Amino acid sequence: MQNLPFYRPSGHEIEIAEQAVAAKLPIMLVGPTGCGKTRFVEYMAARLQRSLVTGVGNDDTTTADLVGRYLVHGGDVNWVDGPLTRAARGGAVFYLDEVVEVRREALAVLHPMADDRHRLFLERCNETVDAEPGFALFCSYNPARSIGFKELRAAFRSRFVTLALDYLPVADEAKVIEREAAVPELVARRFAEMAAALRKGIGERGVDVPSTRMLVSAAQLVARGIDEKTAREVCVIAPLANGGQTPPEALRELVAAL
Ligand code: ADP
């Protein structure tokens, strides 16, 4: 297989997802922000040789945002497919990030897409779309932010093969940083160890912890000549402190103790 995006697995998620898709089962990824959920879906879509259509859920996401809407253009009124409909017609992988944020009524259109009917009903234009073979549904949410989790009705949740993803162990996360930012192994390792210490030190208090994405960004700055301390400050300490939950001094102390 050529040109697969780089994805370092944390367990058997690749094999499980492959079999789930073959069985027409939808997949729910549960994990903290920046832990590789999006990259995993990109990897799976490429591995399955399907195109990928993504949508991000928020509390403004309406049914129309997913399925499509009529738009007026130069006096004509035309139906324009939304991302879910495009994925269904194209036999593509559809990935909906932050699914818990999506409103109930918008979630309802996903129901028949989450079982093996893979059927979409476009109420507005009274059309039923049976997804082309190849369609697969992936959703995700971050458990720390899922105040709305209970809102994801049990009937909906129970349809999904649910995979818990998390930040990788130090050695694996270092490999990701090294590869993504093209930095020497030792630099990558230092960032990964710092993250592990911060997650241990502040994670217990239920506040934001460094994500793999932050570490990759910091390492990218180092690869471009910024010193490690500054990169750490601007990509990790400051974003975490800006959340207002943890004073930057406490974060620096944890790093200094390494
Ligand atoms: P999420 O969707 O969980 O918020 P992403 O998939 O966007 O996170 O990951 C953020 C970045 O971290 C990616 O662009 C990639 O550089 C890196 N990354 C995180 N986890 C992995 C992994 N397991 N394999 C490869 N890259 C990863």
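Up top you'll find the structure we're talking about.
Residues numbered from 1 in each chain as written. Predicted model: local features only at pLDDT ≥ 70, side-chain atom pairs only at ≥ 80, totals over all residues. Heavy atoms only, no water.

A. Representation of the pattern of salt bridges. Going through the model one piece at a time under the given rule, you end up with 15 salt bridges. Across the salt bridge formed by Asp65 and Arg69, the nearest N and O atoms sit 3.0 Å from each other. Owing to a relative accessible area of 34%, Arg69 belongs among the partly exposed residues under this scheme. For Arg159, the salt bridge is made with Asp115, and the minimal N-O distance between the two is 3.4 Å. (Salt bridge = Lys/Arg side-chain N within 4 Å of Asp/Glu carboxyl O. Buried < 20%, exposed > 50% of the residue type's maximum accessible area, 1.4 Å probe, protein only.)

B. Quick peek at the nonpolar core. Ile27, Phe40, Phe138, Ile177, Phe191 and Val236 are the most contacted members of the largest nonpolar core, which totals 52 residues. With eight residues, helix H8 (residues 185-203) is the single largest residue contributor to this core. Apart from residues lying up to four places away in sequence, Phe40 is in contact with Tyr7, Glu13, Ile14, Ala17, Leu29, Phe138, Leu163 and Leu165. Judged by nonpolar contacts, the second largest core, of 31 residues, contains Val30, Ala87, Val102 and Ala114. (Core = buried A, V, L, I, M, F, W, Y, C linked by side-chain atoms within 4.5 Å. Helix = DSSP H or I, 4+ residues; strand = E, 2+ residues; numbered from the N terminus. Contact = heavy atoms within 4.5 Å.)

C. Here's a closer look at the sheet that holds strand S2 (residues 52-56). Reading across the sheet, the five strands line up as S2-S5-S8-S1-S9 and stay open at both edges, with parallel pairing between neighbours. Only two strands of the sheet have a single neighbouring strand rather than two, namely S2 and strand S9 (161-164). Adjacent strand axes in the sheet meet at a mean angle of 20° when their direction is disregarded. Pairing analysis gives four bridges linking strand S1 (residues 27-30) to strand S8 (residues 136-141), with the strands arranged parallel. Opposite Leu29, over in S8, you have Ser140 as the bridge partner. Across the sheet, helix H1 (residues 13-22) is in contact with S1, S8 and S9; its angle to S9 comes to roughly 165°. (Pairing = 2+ DSSP bridges. Axes fitted to C-alpha atoms, helices over the stretch in contact; angles between N-to-C directions.)

D. The arrangement of the state of the cysteines in detail. Here the structure, examined in full by the defined rule, presents zero disulfides. As a non-bridged cysteine, Cys35 has Cys139 as the owner of its nearest cysteine sulfur, 15 Å distant. On the basis of relative accessible area, Cys35 is assigned to the buried category, the value being 11%. (Disulfide = S-S within 2.5 Å.)

E. Inspection of the packing of H8 against helix H9 (residues 212-223) at higher detail. At a minimum axis separation of 10 Å, H8 and H9 run at an interaxial angle of 145°. Regarding H8 and H9, the two cross each other, and that crossing is right-handed. On the side of H8, the interface is formed by Val187, Phe191, Ala192, Met194, Ala195 and Arg199, while H9 contributes Thr212, Leu215, Ala218, Ala219 and Val222. (Left-handed = near helix turned anticlockwise from the far one by under 90°.)

F. Structural detail: H1. Where H1 is concerned, the buried positions are Glu13, Ile14, Ala17, Ala20 and Val21. Down the axis of H1, the buried set is contained in an arc of 130°. They therefore lie on one face. For H1, the exposed residues lying more than 90 degrees away from the buried face are Gln19 and Ala22. Summarising the contacts, the buried residues of H1 are in contact with S1, helix H2 (37-47), S8 and S9. Just downstream of H1, Lys24 is the residue with a positive phi angle, here 60°. (Arc of directions from axis to C-beta.)

G. Region of the structure containing the site of the ligand. Around the ligand, the structure places 17 residues, and the nearest of them are Arg8, Gly34, Thr38, Arg39 and Glu180. Interatomic distance of 2.7 Å between a backbone N/O atom of Gly34 and an oxygen atom of the ligand. Where the shell around the ligand is concerned, the elements lending two or more residues are H2, helix H7 (170-181) and H9. Looking at the shell around the ligand, its residues break down into seven nonpolar, five polar and five charged. (Near = heavy atom within 4 Å. Polar contact = N/O pair within 3.5 Å; in protein donor to acceptor, adjacent residues only side chain to side chain. Nonpolar A, V, L, I, M, F, W, Y, C, P; charged D, E, K, R; others polar.)

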